[in-house]
Amino acid sequence: MKLNSESMRSIVFGVEDSLVSTVGLVSGIAFAGVPRLTIVLTGAVLIFVEAFSMAVGSLLSDNSAREFKHQAGVSISKSIGAAIIMFVSYFFVGFIVLTPYLLLENNQALPSSILISVVLLFILGIFSGKMSRSNPIKKGLLMAVIGGAAIFIGMAVGTLVDSVGSLG
């Protein structure tokens, strides 16, 4: 398979969104102190639904962009490849950051999942930088910092909701 800009966009978008969304959600839920099974169930539902949603979004938006560019109807089949890449990228990477919750107790799984996500974001940035011939370390740091911010938001919301819930 030849890597073109559409494939590269789908890989980076799918992997980045899966890392950030999945770890942000499971970290927020774990921070709220819910049972491990609830974290795994919630994470798995998110991964299945979001992988499909991201693929459908990719399919429809890519097709719309092609139609806009050509000012005419374009077969949706030309957009299927990018949608499949988006689905696979999101799906498999999501389970990488959920795996610590399958193997470890919450107090060990939480930092492991976060660390895995931030490291993979950094590696994704390096990959993206090398493929685009821009500074790979700068791209890696950018992805890790932005992704880390999303993780922090997930944990903050989980803490906030947990504290509000304990008031009632």
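To keep things clear, this report deals only with the structure shown in the data block. Predicted model, so just to flag it, every value in this text is computed and none were measured.

Points about a nonpolar patch on the surface
- Taken together, Leu 41, Val 45, Phe 48 and Val 49 make up a surface patch of nonpolar side chains, about 390 Å² in accessible area.
- One can find Val 49 in helix α2 (residues 36-70).
- Using a relative accessible area of 49% as the deciding quantity, one classes Val 49 as partly exposed.

Considerations on the packing of aromatic side chains
- If you walk through the whole model with that rule in mind, you get five aromatic pairs.
- Between Phe 48 and Phe 91, the ring centres sit 5.0 Å apart and the planes meet at 80°, which makes this aromatic pair edge-to-face. Note that Phe 48 is positioned in helix α2 and Phe 91 in helix α3 (residues 80-103), a separation of 43 residues in sequence.
- Between Phe 87 and Phe 91, the aromatic rings sit 5.5 Å apart at their centres with planes inclined by 15°, giving stacked as the arrangement.

What about helix α1 (residues 5-31)?
- For α1, built from 27 residues, the straight-helix expectation of 39 Å at 1.5 Å per residue is met to within 8% by its first-to-last C-alpha distance of 38 Å.
- Counting buried positions along α1 gives 19 out of 27 residues, so the element sits mostly inside the fold.
- One side-chain oxygen at the N-terminal end of α1 lies 3.1 Å from the backbone nitrogen of Glu 6; it belongs to Asn 4.
- Downstream of α1 by a residue or two, Gly 33 has a phi angle that is positive, lying close to 80°.

Cut-offs applied
- Sequence order as written defines residue numbering, which begins from 1 separately in each chain.
- Reporting of local features is limited, given that this is a predicted model, to residues whose pLDDT is at least 70; pairs of side-chain atoms are given and counted only at 80 or more, and all residues count toward the totals for whole chains, interfaces and linings.
- Here the side-chain values reflect all heavy atoms present in the structure, with hydrogen atoms and water set aside.
- Patch building starts from residues that exceed 30% relative accessible area and form no salt bridge, then joins like charges within 9 Å and nonpolar side chains (Val, Leu, Ile, Met, Phe, Trp, Tyr) within 5 Å.
- Accessible areas in this description were obtained via Shrake-Rupley with a 1.4 Å probe; residue shielding takes into account the shown protein chains only.
- We define a salt bridge as a contact between a side-chain nitrogen of Lys or Arg and a carboxyl oxygen of Asp or Glu at a distance within 4 Å.
- We count a stretch as a helix when DSSP gives it H or I for four or more residues in a row; a strand needs E for two or more, and each element gets its number in order from the N terminus.
- Classification of residues uses two cut-offs on accessible area relative to the type maximum, computed with a 1.4 Å probe and protein chains only: under 20% is buried, over 50% is exposed, and between them is partly exposed.
- Two rings from Phe, Tyr or Trp (for Trp, the six-membered ring) form a pair when their centres are within 6.5 Å of each other. A pair whose planes differ by under 30 degrees is stacked, one over 60 is edge-to-face, and the rest are tilted.
- Every helix has an expected span of 1.5 Å times one less than the residues it contains.
- Residues adjacent in sequence count toward polar contacts only when both atoms are side-chain atoms; beyond that, a polar contact is any pair of N or O atoms within 3.5 Å, and within protein one must be able to donate a hydrogen and the other to accept it.

Fair warning: the whole summary comes from geometry, so function is off the table for now.
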